[in-house]
Amino acid sequence: MSILQKFRMDGKKAIVTGGARGIGRATALAFAEAGADVTVLDIRDTSETEAMIHELGVKAYGIQCDLTKEDQVNAAFAQAAEKMGGIDIAHVNAGIAMCEKAEDMTFQQWRTVMAIDLDAVFLCARAVGRIMIGSGKPGAIVCTGSMSGMVVNTPQEQCAYNAAKAGVIQLTRSLACEWAKHGIRVNSVSPGYVCTDMTPATTDAEWQRIWFSMCPTKRMANTEEIAAAVLYLASDAASYTTGSNLVVDGGYTCY
Ligand SMILES: NC(=O)c1ccc[n+]([C@@H]2O[C@H](COP(=O)([O-])OP(=O)(O)OC[C@H]3O[C@@H](n4cnc5c(N)ncnc54)[C@H](O)[C@@H]3O)[C@@H](O)[C@H]2O)c1
């Protein structure tokens, strides 16, 4: 098989959380372009992404659900597996950002961030892990971490987000070790700043000046630049890669 052939996903069944927009939409489209059928989960309407996937000639499904709710997560993954005939690939990606000084952060704010940025990653990974283990087939899971799980980027104050993303990176490594015996690879991708609704180009100019002064490439990523890394990790081209955290940050964490 040629090396490029290993990036293909023809006949595979993929699921992407937070795929209604942003990085999740870009990876859903990347998986579809590589030949996989794709189910998108999101708390928002997924129909626009579904239509875009469908145009690429594969099957597209969307399920609107709140991934912080255990019963909704289990039901959504079961429904996706039933509709597609299994799940081979998962990008566990949905998340939120919240900036608040630690001394002013309420426990409710902390819990809101943890609920989607860490707890839901566990719930989704567990749901898809159970399906993959039950199928007896190999699988690949990619979680979205962040460079904020490795460094305290500044000037925004976001202790809950940083802590949750550090948790995602270590959860990924733990699952990789536990599930290697089942042929399931688990990796994370850790983006730097990516131009999405979460981090729009209209972000405070002074913040951006500070960000880019600390980043060798002096710009944000676009979503395709993250999707390419997810595509690699989720594909057979990464067959010996598990428990890794692929940093895609334009060099930010080098300084
Ligand atoms: N944009 C960046 O600069 C950046 C940098 C590093 C990491 N990330 C991470 O990348 C991931 C995607 O972020 P993005 O930039 O595409 O943001 P985004 O806001 O464009 O997309 C996030 C998606 O997650 C969905 N979501 C949020 N809460 C949910 C819930 N409870 N249930 C179901 N879906 C929910 C949203 O509806 C949205 O569609 C996040 O985990 C984020 O932390 C983003």
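Residues numbered from 1 in each chain as written. Predicted model: local features only at pLDDT ≥ 70, side-chain atom pairs only at ≥ 80, totals over all residues. Heavy atoms only, no water.

Caption draft 1: Quick peek at the sheet that holds strand β1 (residues 13–17). Taken in spatial order, the 7 strands of this open sheet run β3-β2-β1-β4-β5-β6-β7, and their pairing is parallel. Looking along the sheet, the strands with just one partner apiece sit at the ends: β3 (60–64) and β7 (245–248). Along the sheet, successive strands turn relative to each other by an average axial angle of 15 degrees, direction set aside. Pairing of β1 with strand β2 (residues 37–42), which is carried by 5 bridges, proceeds in the parallel orientation. (Pairing = 2+ DSSP bridges. Helix = DSSP H or I, 4+ residues; strand = E, 2+ residues; numbered from the N terminus. Axes fitted to C-alpha atoms, helices over the stretch in contact; angles between N-to-C directions.)

Caption draft 2: How the structure looks around the packing of aromatic side chains. The tally for this structure, following the rule as stated, stands at 4 aromatic pairs. Geometrically, the ring pair formed by Y193 and W211 is stacked, given 3.7 Å between the ring centres and 10 degrees between the ring planes. Pair noted here: Y193 is in the loop between β6 (184–191) and α6 (205–213) and W211 is in helix α6, with a separation of 18 residues, a long-range link. Here Y193 and W211 have matching classes, each one buried. With centroids separated by 5.9 Å and ring planes inclined at 80 degrees, the aromatic side chains of Y193 and Y252 adopt a geometry described as edge-to-face. With a gap of 59 residues between them, Y193 in the loop between β6 and α6 and Y252 in the segment after β7 connect regions that are remote in the sequence. (Phe/Tyr/Trp six-rings, centres within 6.5 Å; stacked < 30°, edge-to-face > 60°. Buried < 20%, exposed > 50% of the residue type's maximum accessible area, 1.4 Å probe, protein only.)

Caption draft 3: Expanded view of the environment of T172. Tracing the backbone through its elements, the reader meets T172 in helix α5 (residues 159–179). The spatial distance from the C-alpha of T172 to the C-alpha of A127 is 14 Å, given a sequence separation of 45 residues. In contact with T172, not counting residues within four places along its chain, are C143, V186, N187, S188 and S244. (Contact = heavy atoms within 4.5 Å.)

Caption draft 4: Fine view of the site of the ligand. As a matter of local geometry, the ligand sits amid 29 residues, with R21, D42, N93, Y161 and T196 nearest to it. A distance of 2.9 Å separates an oxygen atom of the ligand from a polar atom in the side chain of R44. When the free accessible area of the ligand is taken as 830 Å², the share hidden by the protein chains comes to 96%. Judged by the fraction of its atoms near the pocket grid, the ligand is located in the largest pocket. Elements represented by at least two residues in the shell around the ligand include exactly α1 (22–33) and α5. Taken together, the residues that form the shell around the ligand break down as 13 nonpolar, 11 polar and 5 charged. (Near = heavy atom within 4 Å. Polar contact = N/O pair within 3.5 Å; in protein donor to acceptor, adjacent residues only side chain to side chain. Areas by Shrake-Rupley, 256 points an atom, 1.4 Å probe, with all protein chains shown as cover. 1 Å grid on protein atoms, 1.4 Å probe; cavity = no way out; pocket = protein on both sides within 12 Å on 5 of 7 lines; lining within 4 Å. Sits in = over half its atoms within 2 Å of the grid points. Nonpolar A, V, L, I, M, F, W, Y, C, P; charged D, E, K, R; others polar.)

Caption draft 5: Broad picture of the pattern of salt bridges. Applying the stated criterion across every chain, the model contains 12 salt bridges. The partner of K13 in a salt bridge is D37, with the nearest N and O atoms 3.2 Å apart. In this pair, K13 sits in strand β1 while D37 sits in strand β2, placing the two residues 24 residues apart along the sequence. Owing to a relative accessible area of 17%, K13 belongs among the buried residues under this scheme. In this structure, E70 engages R126 in a salt bridge whose closest nitrogen and oxygen atoms are separated by 2.7 Å. (Salt bridge = Lys/Arg side-chain N within 4 Å of Asp/Glu carboxyl O.)

Caption draft 6: Quick peek at the side chain of H91. Mapped onto the secondary structure, H91 falls in strand β4 (residues 89–92). Using a relative accessible area of 0% as the deciding quantity, one classes H91 as buried. If we ignore the near neighbours within four places in the chain, the residues touching H91 are I15, V16, T17, I23, T27, F31, V142, T144 and V230.

Caption draft 7: Spotlight on the packing of helix α4 (residues 107–135) against α5. At their nearest, the axes of α4 and α5 sit 8 Å apart, and the two run at 15 degrees to each other. Of the possible angle classes, the one that applies to α4 and α5 is roughly parallel. With respect to the hand of their crossing, α4 and α5 are arranged in right-handed fashion. Residues W110, V113, M114, D117, L118, V121, F122, A125, R126, G129 and I133 of α4 lie in contact with α5, whose contacting residues are C159, A160, Y161, A163, A164, G167, V168, L171, L175 and W179. For the contact of α4 with α5, the per-class residue count stands at 17 nonpolar, 2 polar and 2 charged. (Parallel < 35°, antiparallel > 145°, perpendicular 65-115°, else oblique. Left-handed = near helix turned anticlockwise from the far one by under 90°.)

Caption draft 8: Region of interest: the nonpolar core. Formed by 34 residues in total, the largest nonpolar core has its most connected members in L41, L67, F77, I87 and I141. Among the secondary structure elements, those contributing two or more residues to this core are β3, α3 (70–84), β4, α4, β5 (139–144), α5 and β6. Sorting elements by how many residues they give to this core places α4 first, with 9 residues. The residues touching L67, leaving out its near neighbours within four places in the chain, are T17, L41, V73, A94, I116, A120, L123 and C124. (Core = buried A, V, L, I, M, F, W, Y, C linked by side-chain atoms within 4.5 Å.)

Caption draft 9: Summary view of α4. The end-to-end C-alpha distance of α4 is 40 Å, a good match for the 42 Å that 29 residues give at a rise of 1.5 Å each. When the local axis directions of α4 are compared, the greatest deviation, roughly 45 degrees, occurs at A115. After α4 finishes, the residue G136 shows a positive phi value of roughly 75 degrees. (Expected span 1.5 Å × (residues − 1). Bend = angle between axes of the 7 residues up to and from the residue.)

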